[in-house]
Amino acid sequence: MLYDSLTMAAVCTELKNDLESARLERIYQPARLEVHLHLRAKNGPLLLVCSADARFGRVHLSEEKQGYPASPPPFCMLLRKHLEGARLLEISQQDLDRVLVFTFRSQNEAGMPARKHLICEIMGKHSNLILAEEAPSGHRQILGSVKTVTWEMSRYRAVAPGETYLTPPHRQKLSLTAVSEEALALALNAQTGHKPEQLLVETVSGLSPEISRELLFRAAGDLHTHPLEVVRPLTIELHRLATMLKRGSFEPCIVVSPDGAPRAFAPLGLTRYPPEWLHSFTRMNDALDSYYRLVLRRHREDSLRQQLKQAVDAACNRAAKKTNLRQRELEEAEDADRYRLYGELLTAGLHNIKPGTATAQVTNYYSDNQETVSIPLDPTLSPQENIRRYFKKYRKLKEGCLQLAKRLRETEEETHYLSSLQLAISHADLETLGEIRLEMEQSGLIRQSHRPAREPEPSSRPLHFTSPDGISIWVGRNNRQNDLLTLKKAAPEDTWLHARDIPGAHVIIKDSNPPAGTLLMAARLAALYSKAGSSDKVPVDYTLVRHVRKPKGARPGMVVYTHQRTIYVSPGKAEK
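Read on for an overview of the structure. (Residues numbered from 1 in each chain as written. Predicted model: local features only at pLDDT ≥ 70, side-chain atom pairs only at ≥ 80, totals over all residues. Heavy atoms only, no water.)

1. Looking at the overall build of the protein chain
So, step 1. When you go through the protein chain residue by residue, the secondary structure sums to 12 helices and 22 strands.
So, step 2. Here the C-alpha atoms of the protein chain give a radius of gyration of 36 Å, more than 25% beyond the 25 Å that 2.2 N^0.38 yields for 576 residues.
So, step 3. Viewed in the frame of its principal axes, the protein chain has a C-alpha envelope of about 110 × 65 × 55 Å.
So, step 4. Counting all 576 residues of the protein chain, 49% fall into the buried class.
So, step 5. Across the protein chain, contacts joining residues at least 24 apart in sequence account for 57% of those joining residues at least 6 apart.
So, step 6. When the accessible area of the protein chain is evaluated, it comes to approximately 29800 Å², of which 49% is carbon and sulfur surface. (Helix = DSSP H or I, 4+ residues; strand = E, 2+ residues; numbered from the N terminus. Rg over C-alpha atoms; globule rule 2.2 N^0.38 Å. Buried < 20%, exposed > 50% of the residue type's maximum accessible area, 1.4 Å probe, protein only. Contact = heavy atoms within 4.5 Å. Areas by Shrake-Rupley, 256 points an atom, 1.4 Å probe, with all protein chains shown as cover.)

2. Overview of the nonpolar core
So, step 1. Ranked by internal contacts, the top residues of the largest apolar core, which has 82 residues, are Leu-19, Leu-48 and Phe-102.
So, step 2. Leave out the neighbours within four places in its chain, and Leu-19 touches Leu-39, Leu-46, Leu-48, Leu-61, Leu-88, Ile-91 and Phe-102.
So, step 3. With 25 residues, the next largest nonpolar core counts Ile-471, Val-507, Ala-527 and Leu-528 among its residues. (Core = buried A, V, L, I, M, F, W, Y, C linked by side-chain atoms within 4.5 Å.)

3. Quick notes on the environment of Glu-64
So, step 1. Structurally, Glu-64 can be placed in the loop between strand 4 (58-62) and helix 2 (74-83).
So, step 2. By relative accessible area, Glu-64 is classed as partly exposed at 27%.
So, step 3. Through-space distance from the C-alpha of Glu-64 to that of Val-49 is 10.0 Å; in sequence the pair is 15 residues apart.
So, step 4. Setting aside its immediate chain neighbours within four residues, Glu-64 contacts Leu-47, Asp-289, Arg-293 and Arg-300.

4. Here's the deal with the sheet that holds strand 11 (residues 262-266)
So, step 1. Taken in spatial order, the three strands make up an open sheet running 11-10-12, and their pairing is antiparallel. In this open sheet, the two strands that pair with only one neighbour each are strand 11 and strand 12 (278-280). Direction aside, the axes of adjacent strands within the sheet are offset by 20° on average.
So, step 2. As paired elements, strand 10 (residues 253-256) and strand 11 share four bridges and run antiparallel to each other. Across the sheet, the residue bridging to Ile-254 is Phe-265, located in strand 11.
So, step 3. Set on the sheet, helix 7 (residues 284-333) makes contact with strand 10 and strand 11; between it and strand 11 the angle comes to about 160°. (Pairing = 2+ DSSP bridges. Axes fitted to C-alpha atoms, helices over the stretch in contact; angles between N-to-C directions.)

5. Considering the pairing of strand 10
So, step 1. Neither face of strand 10 is left uncovered, since the one carrying Cys-253 and Val-255 and the one carrying Ile-254 and Val-256 both have all their residues buried.
So, step 2. Turn length for the strand 10-strand 11 hairpin, with the two strands adjacent in sequence and antiparallel, is five residues, and the turn residue Gly-260 shows positive phi of about 90°.
So, step 3. Two elements, strand 10 and strand 12, share three bridges in a ladder whose sense is antiparallel. In the sheet register, Cys-253 faces strand 12, and the bridge partner there is Ser-280.

6. Description of the layout of surface pockets
So, step 1. There is about 730 Å³ of room inside the second largest pocket.
So, step 2. Every residue lining the second largest pocket is counted, 26 residues in all, and those nearest its centre are Asp-97, Arg-98, His-170, Arg-171 and Lys-173.
So, step 3. The greatest single-element share of the lining of the second largest pocket, amounting to three residues, is contributed by helix 4 (residues 196-203).
So, step 4. When the residues that make up the lining of the second largest pocket are grouped by side-chain class, the tally is 10 nonpolar, nine polar and seven charged. (1 Å grid on protein atoms, 1.4 Å probe; cavity = no way out; pocket = protein on both sides within 12 Å on 5 of 7 lines; lining within 4 Å. Points joined across faces, edges and corners; volume = space filled by probe spheres on them. Nonpolar A, V, L, I, M, F, W, Y, C, P; charged D, E, K, R; others polar.)

7. Examining the pattern of salt bridges
So, step 1. In this structure the tally under the stated criterion is 30 salt bridges.
So, step 2. Notably, a salt bridge pairs Glu-414 with Lys-322, separated by 3.2 Å at the nearest N-O pair. With a gap of 92 residues between them, Glu-414 in helix 9 (residues 383-427) and Lys-322 in helix 7 connect regions that are remote in the sequence.
So, step 3. For Lys-322, a relative accessible area of 32% corresponds to the partly exposed category.
So, step 4. In this structure, Arg-477 engages Asp-429 in a salt bridge whose closest nitrogen and oxygen atoms are separated by 2.9 Å. Highlighted residues: Arg-477 in the loop between strand 16 (472-475) and helix 11 (479-489) and Asp-429 in the loop between helix 9 and helix 10 (430-442), separated in sequence by 48 residues. For the pair Arg-477 and Asp-429, a shared accessibility class is recorded, and that class is buried.
So, step 5. Overlapping salt bridges bring together Glu-14, Asp-18, Arg-283 and Asp-286 as one network. (Salt bridge = Lys/Arg side-chain N within 4 Å of Asp/Glu carboxyl O.)

8. With respect to the side chain of Thr-432
So, step 1. Assignment of secondary structure puts Thr-432 in helix 10.
So, step 2. The class of Thr-432 is buried, set by a relative accessible area of 0%.
So, step 3. If we skip the residues at most four places from it in the chain, Thr-432 touches Ser-460, Arg-477, Asn-478 and Gln-481.

9. Quick look at the environment of Gln-306
So, step 1. Assignment of secondary structure puts Gln-306 in helix 7.
So, step 2. Sequence separation of Gln-306 and Leu-341 is 35 residues, and the distance between their C-alpha atoms is 54 Å.

10. A word on the pairing of strand 13 (residues 359-363)
So, step 1. Only one face of strand 13 is buried: it carries Ala-360 and Val-362, and the other face, with Thr-359, Gln-361 and Thr-363, is open.
So, step 2. The sheet contact formed by strand 13 and strand 14 (residues 372-376) spans five bridges and is antiparallel. Paired with Val-362 across the bridge in strand 14 is Val-373.

11. Details of the sheet that holds strand 22 (residues 565-569)
So, step 1. Pairing within the open sheet is antiparallel, and its six strands lie in the order 15-16-18-17-19-22. The open sheet has two edge strands, strand 15 (463-466) and strand 22, and neither has a second partner. Across the sheet, the mean angle from the axis of one strand to that of its neighbour is 25°, orientation sign disregarded.
So, step 2. Of the pairings in the sheet, the one linking strand 19 (residues 538-544) to strand 22 comprises five bridges and is antiparallel in character.

12. Comments concerning helix 4
Within an α-helix, residues lying three or four positions from one another point in the same direction, as the helix has 3.6 residues per turn.
So, step 1. With respect to burial, helix 4 is a largely interior element, seven of its eight residues being buried.
So, step 2. Within the span of helix 4, buried status applies to Pro-196, Glu-197, Leu-199, Leu-200, Val-201, Glu-202 and Thr-203.
So, step 3. On its buried face, helix 4 is in contact with helix 3 (181-189), helix 5 (209-220) and helix 6 (231-247).

Now the structure itself:
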């Protein structure tokens, strides 16, 4: 979703009032392209977010607290040097360009008063945050920027220390505040090869695709009508938008679909969406803060899920290779008696074996038919050395058979554990993914991440449901929650459920003898939050918590149980 010129205009209008004569107290850079300014304003402390990220470029006030890196990046240090303690003098937007300038009263290198500008250019992949100092001649000299642009990268301007700041190039379009029906028709007629909303974007200044779609919907009732067919109603809508801009009387809103996905934001009501999707705000800054919290949360969730999934999938592949190797070794070890037989038969027929022979033909005296057996030999070894080699291999394989079987069980347990992680990752939200990440760090599956000291440890709660009988049902969403539920939170007489022989959630019914409806609901939840969640029929074991225990040294979420009974159910959702 594009942070457009009208959104910036609405933000600028509010910031001029909120940050009047504010003092810049602290500066942080939580991400490579994002700066946080902590200001002391007339109504108290405020946090201003400035981001040059191509996907999330924006400027707005925020109430979200987060951790900051212990070691500030170079651009953050530069901002602190020039702006910390400075007084905000002015906030301005250049025409309807997506450039917002914060002008501060500070000092120059000689300690004399100076005007310095933090210039926020929010233009998609070309977004940038630039610090510049106003020279006596009136031009702005760049002190630094979050992105460096050289002359090799751009023929129009360079953005680097010592260069003179030039505003971004902009295309000639009709002014939103002075558009007429005739001028609009002529300009639209000159445009070709665009979608209807893009025609408006290319014709009138300050419009984004989202705003253009809304104007077309208001003017024509759909999004497919060519703007030339509705020039008059479209001009009326543009005049209304211009009036809103002049008065600063915006109608901020965000659009959130029923699945919780943030779809859009705008400084005016987006009537083309279902009313239940719309969330209105009195302030554009609040709307943006709410929207980007949802967007960034989803982005962090998707990124972390992908990172953890890749690590677990790689571990599963390694475990599968180990399993295949150990199965082959075990099969070979289980064939140890054959090597003992070879040694004994070679010993009995030693007088018939010539040195340098590659194969010995000997009689099998242990067989009723006493058939001849061909035994491969190493021709570089003597017959006696070949005999010793077979007996040595027999002893080695016999002794290693038990160890190999133990290792194979360990690998199978590891595979089962990794499957439980895969399942938990697929069902997890951001907080639960954070817990899974900690578990994987402690298990050595991924490296420990260096989180800011102020960032709290992730904490989530198991899912809670209430059955039709009014009985509480709890469902663990990862191994940590499974252990917490079963081993600490549940009473000995509570009922415990788990999908049989497959990774899945621990489910607790707060009742020792639940009614049939409650048991069925809990069993369906256990099936749903298991690896068999898409199957038609899933066996679910249930027993009392006192019959469930964790073996010493077992991995997180791993338990054994007795006295179980089994119910077959179809996985199903339930209301929380």
